[in-house]
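Structural overview
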Amino acid sequence: MAFHSFNGRFVAGLALAGFMLTAAGCQSGGSSILGFGKKDSTPPPPPDPKVLSSQLLAYCPKVTLRDGTAFFNTYAKGNQKPKKKAAAQDAEAAALDASSDQQDDSAKVIYQASITDVTRDCNRANGSLTMKIAVAGKVVPGPMFSPGTITMPIRIAVMHGTEVLYSQLHQHQVQVTNPSSATQFVFTDSNVVVPEPTAQDYQAFAGYDEGPAKKTDKNIAAAE
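1. As for the nonpolar core
The tendency in soluble globular proteins is for nonpolar side chains to be buried side by side. With 33 residues, the main nonpolar core has Met131, Val139, Ile150, Met152, Ile156, Val158 and Tyr208 as its most contacted residues. The set of elements that each furnish at least two residues to this core consists of strand 3 (109-125), strand 4 (128-141), strand 5 (148-160), strand 6 (163-176), strand 7 (183-195) and strand 8 (202-208). Dropping the residues within four chain positions of it, isoleucine 156 is found in contact with Ile133, Val135, Tyr166, Ser167, Gln168, His170, Phe187, Asp189, Val192, Phe205 and Ala206.

Structural data, given as structure tokens:
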């Protein structure tokens, strides 16, 4: 009888120890049948990318050059085609043909001007954003060089999506006298005034615009 009693207590002790080990394993493990103690591996959602007011106050739209607007050439008059008496569309087509011929004939170039850098500065007041946009570049004498003044058509524009907020075509003049070196120039438009932005989504542009001046510069910029 003593042996059976001791054996019963020994089996009961083993069962109790097994239960305790099983319970401890469920609590310390990474998962269980019921899912208790499971760690959530789902990454937290990204923060809402809202622009802070301090960032918006520091925002000054970047100035970029559109393709084909960084260079401007002037040609000798002998390389230009005579004007024809035609309708407006024919005259415009003739002008485009003459421009193409000029671009292909590098021997007739008097000056080649290029924009090498652009910069800007911004101020806010009374619900408006005032920008000062500066354009730096150089004028290189060509094969048909003659000392004188070159007039460069430089357009400054600011857009919000497809809406033109500002557009102005300037006729900037540079005096060129040295045939052996480039002449540096800097042009600044200090009167770029647009509504104060509510997001960082304005686009500012600078570049040469050889198209004819229209009554409204906005139409030209929108067509670019």
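Once you've had a look at it, read on.
2. Quick look at the state of the cysteines
Considering all chains together, one arrives at one disulfide under this definition. Here cysteine 60 connects covalently by a disulfide to cysteine 122, the sulfurs 1.8 Å from one another. Since a negative S-S torsion denotes a left-handed disulfide, the cysteine 60-cysteine 122 link at about 75° is right-handed. Remark: cysteine 122 occurs in strand 3 and cysteine 60 occurs in the loop between helix 2 (53-57) and strand 1 (63-64); sequence separation between them is 62 residues. For the pair cysteine 60 and cysteine 122, one class covers both residues: buried.

3. Some points on the pattern of salt bridges
Taken as a whole, this structure holds two salt bridges when the rule is applied. Linking arginine 124 and glutamate 196 is a salt bridge whose minimum nitrogen-to-oxygen distance equals 3.5 Å. Separated by 72 residues along the polypeptide, arginine 124 in strand 3 and glutamate 196 in the loop between strand 7 and strand 8 bring together distant segments of the chain. In this structure, aspartate 209 engages arginine 155 in a salt bridge whose closest nitrogen and oxygen atoms are separated by 2.6 Å. Residue aspartate 209 is found in the loop between strand 8 and helix 4 (217-223), and its partner arginine 155 is found in strand 5; the two are separated by 54 residues along the sequence. As far as burial versus exposure is concerned, aspartate 209 and arginine 155 are alike and both buried.

4. A word on the confidence of the model for the protein chain
Considering every residue of the protein chain, the mean pLDDT works out to 75; 59% of them sit at 70 or more. Scored below 50 in pLDDT, residues 80-96 makes five contacts in the model with residues more than four places away or belonging to other chains.

5. Concerning the sheet that holds strand 1
Taken together, four strands build an open sheet; the order of strands is 1-8-5-6 and the sheet is mixed. Each edge of the open sheet is held by one strand with a lone partner, namely strand 1 and strand 6. As judged from the two bridges shared by strand 1 and strand 8, these two strands associate in the parallel manner. Within the sheet, the bridge partner assigned to valine 63 lies in strand 8 and is alanine 204.

6. Some words on the pairing of strand 8
In terms of burial, strand 8 is a largely internal element, six of the seven residues being buried. In this sheet, strand 8 lies alongside strand 5 in antiparallel orientation, the contact comprising seven bridges. When the sheet's bridge partners are listed, methionine 159 is paired in strand 8 with glutamine 203.

7. With respect to the side chain of histidine 172
Checked against the element boundaries, histidine 172 lands in strand 6. We classify histidine 172 as buried; its relative accessible area is 17%. Residues within four places of histidine 172 in sequence aside, it is in contact with Ile150, Thr151, Met152, Ile154, Phe185, Val186 and Phe187.

8. What about unusual backbone geometry?
Look at asparagine 126: it is not a glycine, yet its phi comes out positive at around 55°. Residue classification places asparagine 126 among the exposed positions, given a relative accessible area of 81%.

9. Re the sheet that holds strand 4
Judged by pairing direction, the sheet is antiparallel, and its four strands sit side by side in the order 2-3-4-7 without closing on themselves. Whereas interior strands pair on both sides, the edge strands pair on one side only; in this sheet they are strand 2 (71-75) and strand 7. Taking each pair of neighbouring strands and ignoring which way they run, the sheet shows an average axis angle of 25°. Across 11 bridges, the pairing between strand 4 and strand 7 is antiparallel. Note on strand 7: the bridge partner recorded for valine 135 is phenylalanine 187.

10. Brief notes about the packing of aromatic side chains
Here the structure, examined in full by the defined rule, presents two aromatic pairs. Arranged with centres 5.6 Å apart and planes meeting at 35°, the rings of phenylalanine 72 and tyrosine 208 form a pair that is tilted. Of the two residues, phenylalanine 72 is situated in strand 2 and tyrosine 208 in strand 8; the sequence distance between them amounts to 136 residues. Relative accessible area serves as the criterion here: at 8%, phenylalanine 72 is assigned to the buried category. With a centroid separation of 6.0 Å and an interplanar angle of 80°, the aromatic rings of tyrosine 111 and phenylalanine 145 are classed as edge-to-face. One end of the pair, tyrosine 111, is in strand 3; the other, phenylalanine 145, is in the loop between strand 4 and strand 5, with 34 residues separating them in the sequence. Both residues of the pair, tyrosine 111 and phenylalanine 145, belong to the buried class.

Conventions we followed
- Residues numbered from 1 in each chain as written.
- Predicted model: local features only at pLDDT ≥ 70, side-chain atom pairs only at ≥ 80, totals over all residues.
- Heavy atoms only, no water.
- Core = buried A, V, L, I, M, F, W, Y, C linked by side-chain atoms within 4.5 Å.
- Buried < 20%, exposed > 50% of the residue type's maximum accessible area, 1.4 Å probe, protein only.
- Helix = DSSP H or I, 4+ residues; strand = E, 2+ residues; numbered from the N terminus.
- Contact = heavy atoms within 4.5 Å.
- Disulfide = S-S within 2.5 Å.
- Salt bridge = Lys/Arg side-chain N within 4 Å of Asp/Glu carboxyl O.
- pLDDT = per-residue confidence, 0-100.
- Pairing = 2+ DSSP bridges.
- Axes fitted to C-alpha atoms, helices over the stretch in contact; angles between N-to-C directions.
- Phe/Tyr/Trp six-rings, centres within 6.5 Å; stacked < 30°, edge-to-face > 60°.

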